[in-house]
Amino acid sequence: MKCSDELPAPVLPDHLAPLAREAELADAWKQHAMMRKAEAAAVESLLAYKARKLEEAKDRHTFHRRAVEKAVLQDAAVVLGMTTSAVRRFMESALFLQNTLPKTWEAYRTGVIDLSRATRAAQAAEDIAHRDDILPTFDAEAAEKTPGMNISEVDQWVKRRVPELDTEAYSARCERAKKNRYVAFTHRDDGMTRIHALLPTVSVVALERELQAEARTTVRGNRDAAAGGTAITQSSDPIDDSDDGGRLSLTQAMADAFSARLSAAPATTVPGATVPGRVGRTAERHELSGSDGENASGIPNQYSGSGPRAPINAKIGILVPAETLTGQGNDPAVSEDGSFVLPAAEARRIAQDPRADHDWYAAGTITSAQGEAEISAVLPLKSRSAAKGVTGGFGLSRDADLLTKTSPSRFAGGKLKEAVLLRDGQCRAQGCTRPAWSGEIDHRTPHEQGGATTAANLQTLCKEHHTVKSHGLLTMPGENASGHQHPPDERARPSGTSTWDEPPDWLSDQGPPPAWAVGSAATRTRDSTESLNGQQVPVQRH
């Protein structure tokens, strides 16, 4: 089957639609769509060649037919200048798409999506290929949604959607995956070592947040020290992730913090006695202007984290369906940034861990024009037990929706910041999947121009997009191509509540809240702490 000459139009959100009228971008899209269609036509030709060769050998012995398949791969590899393994993957992915995800295949062969997005959908579908009852649903959704996504967005969508469609199979797959855990080390010839590891997500996600937070503090501190100690920094100041003129980059600082944890010496032991050591979890403050010496790894102390460090409060945001918490359902939990999914049993285990310090919120959702659930309200639960808080009796806190709060300060902090991070999840720029927790909270209307510190005027942006926006070059939803905001739409509210200046009647200790408020519960998990040298430092317990 050959592709038609008609080219698809780019799928763009309304606020970015004018980009399709830019002459150079329109021509780039045309060429790109033509390449996609040409690639799909090439795959179809390869599959037709294979089918013809196998048809010619249909009366031959099975061994001969297998040899024909290998010869087909070799022939294609020689003609196309590819390796046989690459041709095999190319053709197998296309064949799986044709047979299993016909609608997604059609989107690919007509140039609507590229091979990388089609292949990612096919990889995810392998886990549910035996489910004829849900496979068509996934295929239809993939064909509809992936044209408006980049590969990172597709990856996060399939990681979330497949577990939702088959929760039992996903839980079983997670249990099987634990058997493949490993840690390996590759020592290079330049004095550096590459660490390879496959570990349970809940075991390392807190470490990731800790390293990120510690690195940002270190980079800012070194930057201020280089400026003579007179600079005043705020949590929203940009952090460069590049080695500029010898300055410490964010990724280098994360590597140094990780190295410090690995190289921390255990407690001194006496021959014949065993004294358990503590590795890498110190609570002293990082010395920014200390010794010029080096640690055991040869990294300057002011970079490595050797010496005092401040305790790091790493919070992990997880969105858990209320029914999952109460045991009435088994839908998986999703991290607030969409980067990972947890089986229901794992989510309940974390929620019920008496050693963990949880901050629970009820997250009300509305359905977007794209059919996705979006958080529209965030309310703190009064009870420290989310399961009790969402089943009535304990009710919800009398605090109003945190997304309606106003801060008198320029910088968002406290629960307003928590609510914005939960609502946004990721950088709000189109197509960006960087997590909100590593980004910067920005005023849509700048504070110096009268922009209030309210959730409606706040958005989370990664460093790169924050910089672009600061120069007036980033168009966000609700703005036109010139960056001017359209009149804001009335924010969706639960029926019967036109204003939340006063807590609505259902925010009480009698009876359960309405269904919209308990569709999901969100927790910002702060791991339980352990005293070290008289201070507190988060310790991963999961």
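Predicted, not measured: the structure shown is a model, and the values here were computed from it.

1. Remarks on the overall build of the chain
Link 1 in the chain: When you go through the chain residue by residue, the secondary structure sums to 16 helices and 14 strands.
Link 2 in the chain: Burial statistics for the chain: of 542 residues in total, 43% are counted as buried.
Link 3 in the chain: Surface accessibility of the chain: about 28,700 Å² in total, with carbon and sulfur atoms responsible for 52%.

2. Focus on helix H5 (residues 115–125)
Link 1 in the chain: Most of H5 is tucked away: nine of the eleven residues are buried.
Link 2 in the chain: Residues of H5 that are buried make contact with helix H1 (23–56), helix H3 (84–100), helix H4 (102–109), helix H6 (135–145) and helix H7 (151–165).

3. Describing the pattern of salt bridges
Note that side chains of opposite charge can pair when their charged atoms are close.
Link 1 in the chain: In this structure the tally under the stated criterion is 25 salt bridges.
Link 2 in the chain: Among the ionic pairs, Lys469 bridges to Asp442, the shortest N-O distance being 3.1 Å. Of the two residues, Lys469 is situated in helix H16 (residues 463–470) and Asp442 in strand E9 (residues 440–443); the sequence distance between them amounts to 27 residues. Judged on exposure class, the residue Lys469 and its partner Asp442 are both buried.
Link 3 in the chain: Within this structure, Glu175, Lys178, Glu346 and Arg349 form a network of salt bridges that share partners.

4. A closer look at the nonpolar core
Link 1 in the chain: One finds Val43, Met91, Leu101, Tyr108, Ile128 and Phe138 to be the most contacted residues of the largest nonpolar core, which totals 38 residues.
Link 2 in the chain: Mapped onto this core, the elements with two or more residues apiece are H1, helix H2 (62–80), H3, H4, H5, H6 and H7.
Link 3 in the chain: Of all the elements, H5 adds the most residues to this core, at six residues.
Link 4 in the chain: Apart from the residues lying within four places of it in its own chain, the contact partners of Leu101 are Phe96, Ala121, Ala122, Ala125, Leu135, Phe138 and Asp139.
Link 5 in the chain: Of all hydrophobic cores here, the second largest spans 15 residues; its members include Val202, Ile316, Ile318 and Trp360.

5. Topic: the packing of aromatic side chains
Link 1 in the chain: By the definition in use, this model includes two aromatic pairs.
Link 2 in the chain: With a centroid separation of 5.6 Å and an interplanar angle of 10°, the aromatic rings of Phe138 and Trp157 are classed as stacked. Of this pair, Phe138 sits in helix H6 while Trp157 sits in helix H7, and the two are 19 residues apart along the sequence.
Link 3 in the chain: Overall, Trp157 belongs to the buried group, its relative accessible area being 3%.

So, how was this worked out
- Residues numbered from 1 in each chain as written.
- Predicted model: local features only at pLDDT ≥ 70, side-chain atom pairs only at ≥ 80, totals over all residues.
- Heavy atoms only, no water.
- Helix = DSSP H or I, 4+ residues; strand = E, 2+ residues; numbered from the N terminus.
- Buried < 20%, exposed > 50% of the residue type's maximum accessible area, 1.4 Å probe, protein only.
- Areas by Shrake-Rupley, 256 points an atom, 1.4 Å probe, with all protein chains shown as cover.
- Contact = heavy atoms within 4.5 Å.
- Salt bridge = Lys/Arg side-chain N within 4 Å of Asp/Glu carboxyl O.
- Core = buried A, V, L, I, M, F, W, Y, C linked by side-chain atoms within 4.5 Å.
- Phe/Tyr/Trp six-rings, centres within 6.5 Å; stacked < 30°, edge-to-face > 60°.

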